[in-house]
Structures are given as structure tokens and as C-alpha cells.
Amino acid sequence: MQFYVCGPTVYDYAHIGNARPIIAFDGWYRLLNIIYPQVTYIRNITDIDDKINARSAESGEDISEITKRTTAQFHEDIAALGALPPDVEPRATDHVAEMIMMIEDLIDIAYDAYHVGWQSGFIDDTQPDPSIVDRLNDAKAHIDVGIMEMAKDLANFNPGGTK
């Protein structure tokens, strides 16, 4: 069994919002290890994001140095909480090409999508029809690929759009 958890966006020190899912999923991982003979725990590091870019612009520090430093600090912090490390910890920047291909496939086969510049969002029409913002937040939570940010200008968005 493979167990995938979205990890932190590494631009600053960890905070309670980062620790809560680590602790919760650490408990699930430990439980799954009791139930199943082989569990692979995978937790990503989001090292590409507007927050990281903004931090780099503010500080003048290179993006790769920010993410390297804050990832190391994150590991120290969660180890101090007693959380087990993942078996695999992919970095988003190592998989951008795959993320783009996945987004293109989703656009082509399964979802209505909107595009604003380089950003894409997905609307799953099988769900009830909550507000656009709620739907975009839900999509981001479930397709956390590190490059999708909510569009700033929803005025031109057509929720009935075309595929």
C-alpha cells in the first residue's frame, strides 16, 4: 500500500498549521503499518510557489537556498514532535513536467477547466454546486500540484465553460 500526504510549502519556519497534518497522518501511518504488511509513506515538499518567490524577492536570498534551509528546519521540527519520516519525499520542482502532463490530461478527458495566464483550475461537475471560490479551494486541496493558485480575476470565469 502507498500512502500519499501533501507536505509543506517550504518558505518559512513550520507553524501549527504545518504540524497538525504531520501529526495526524503520522498516526494513520503507524496504524496502517499494523494492519498492512508493507506501507510506503510518501510526503511531498512543495518547493515551487508564489510564497517562496515572494520571500526570495523580499530577502534577496536564492529560491533554492530558501527551500533547502526551510526544508531542513521543517525536518528538525517534525522530528522533535516524534513524527516518523516518510519513505519517499519528492520535491515538486523535480516533477514539474509530470504535473503539467497530468493537468493537460485532466483538461482533455475529465474536467471543465478555466485558464487565466499560466494558471489552470478544475471543476468537478459531479459535486454539488457550491460557490466558485469553494469549488476552486476544493480542487486545490485535492490536486495540490504546487503550481495551481486561485485566479485573481474571476470576473471572466465562465462556470459553464467548455472542455
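What counts as what
Residues numbered from 1 in each chain as written. Predicted model: local features only at pLDDT ≥ 70, side-chain atom pairs only at ≥ 80, totals over all residues. Heavy atoms only, no water. Helix = DSSP H or I, 4+ residues; strand = E, 2+ residues; numbered from the N terminus. Buried < 20%, exposed > 50% of the residue type's maximum accessible area, 1.4 Å probe, protein only. Contact = heavy atoms within 4.5 Å. Expected span 1.5 Å × (residues − 1). Arc of directions from axis to C-beta. Axes fitted to C-alpha atoms, helices over the stretch in contact; angles between N-to-C directions. Parallel < 35°, antiparallel > 145°, perpendicular 65-115°, else oblique. Left-handed = near helix turned anticlockwise from the far one by under 90°. Nonpolar A, V, L, I, M, F, W, Y, C, P; charged D, E, K, R; others polar. Polar contact = N/O pair within 3.5 Å; in protein donor to acceptor, adjacent residues only side chain to side chain. pLDDT = per-residue confidence, 0-100. Phe/Tyr/Trp six-rings, centres within 6.5 Å; stacked < 30°, edge-to-face > 60°.

**Q** Could you clarify how one ought to interpret the overall build of the chain in this entry?
**A** Counting its secondary structure elements, the chain contains five helices and four strands. Across the 163 residues in the chain, those meeting the buried criterion constitute 34%. Taking the intrachain contacts of the chain between residues at least 6 apart in sequence as the baseline, contacts between residues at least 24 apart amount to 68%.

**Q** Whenever I open this one, helix α3 (residues 63–80) confuses me. Can you help?
**A** Relative to the 26 Å expected for 18 residues at 1.5 Å per residue, α3 spans 26 Å between its end C-alpha atoms, a close match to the ideal helical length. Burial in α3 covers these residues: I66, T67, T70, T71, F74 and I78. Across the axial projection of α3, the buried residues extend over an arc of 120 degrees, all falling on one side. Seen from the open side of α3, the exposed residues pointing more than 90 degrees away from its buried face are K68, E76 and A80. On its buried face, α3 sits against α1 (16–35), β2 (40–43) and α2 (50–59). One or two residues past the end of α3 sits G82, with phi positive at roughly 85 degrees.

**Q** Would you take a moment to explain the packing of α2 against α3 for this structure?
**A** For any two helices packed against each other, one specifies the crossing angle of their axes together with the interaxial distance. Contact geometry for α2 and α3: axes closest at 9 Å, N-to-C directions at 110 degrees. The orientation of α2 with respect to α3, classified from their angle, is roughly perpendicular. Note that α2 runs across α3; the crossing there is right-handed. Residues I52, N53, R55, S56 and S59 of α2 form the contact with α3, whose own contacting residues are I63, I66 and T67. Residue composition of the contact of α2 with α3, by class: three nonpolar, four polar and one charged.

**Q** Can you help me understand the side chain of R43 in this one?
**A** Note that R43 resides in strand β2. By relative accessible area, which is 0% here, R43 ends up buried. Looking at R43, its side chain comes within polar contact range of the side chain of Y41, at 3.2 Å. Once residues lying within four places of it in the same chain are set aside, the contact partners of R43 are V5, C6, G7, I22, F74, H75, I78, L84, P86, V88, E89 and P90.

**Q** I would appreciate a short explanation of the confidence of the model for the chain in the present structure.
**A** As a note on interpretation, predicted positions should not be read in detail where pLDDT is low. On average, residues of the chain score 76 in pLDDT, and 64% of them reach the 70 mark or higher. For the chain, helix α5 (residues 132–142) is the element with the lowest average pLDDT, namely 51, and α3 is the one with the highest, namely 95. Taken together, the stretch residues 142–163 has pLDDT below 50 and engages in 47 contacts with residues farther than four places along the chain or on a different chain.

**Q** Explanation requested: the environment of Q2 in the structure shown.
**A** Summarising the element assignment, Q2 is placed in strand β1 (residues 2–5). The sequence separation of Q2 and V39 amounts to 37 residues, and the corresponding C-alpha distance is 5.7 Å. Each residue touching Q2, except ones within four places of it in the same chain, is listed here: T40 and I42.

**Q** Mind showing me how you'd approach the packing of aromatic side chains here?
**A** Each aromatic ring pair is characterised by the separation of its centres together with the angle its planes make. Across all of its chains, the model carries three aromatic pairs by this definition. Ring geometry for F3 against Y41: centres 5.8 Å apart, planes inclined by 45 degrees, an arrangement best described as tilted. On the criterion of sequence distance, the pair formed by F3 in strand β1 and Y41 in strand β2 is long-range, its members being 38 residues apart. Here F3 falls in the buried class, since its relative accessible area comes to 12%. Consider the rings of Y29 and Y41, whose centres lie 4.7 Å apart with planes at 35 degrees: the pair is tilted. Residue Y29 is located in helix α1, and its partner Y41 is located in strand β2; the two are separated by 12 residues in the primary sequence. When its relative accessible area of 1% is taken as the criterion, Y41 is described as buried.

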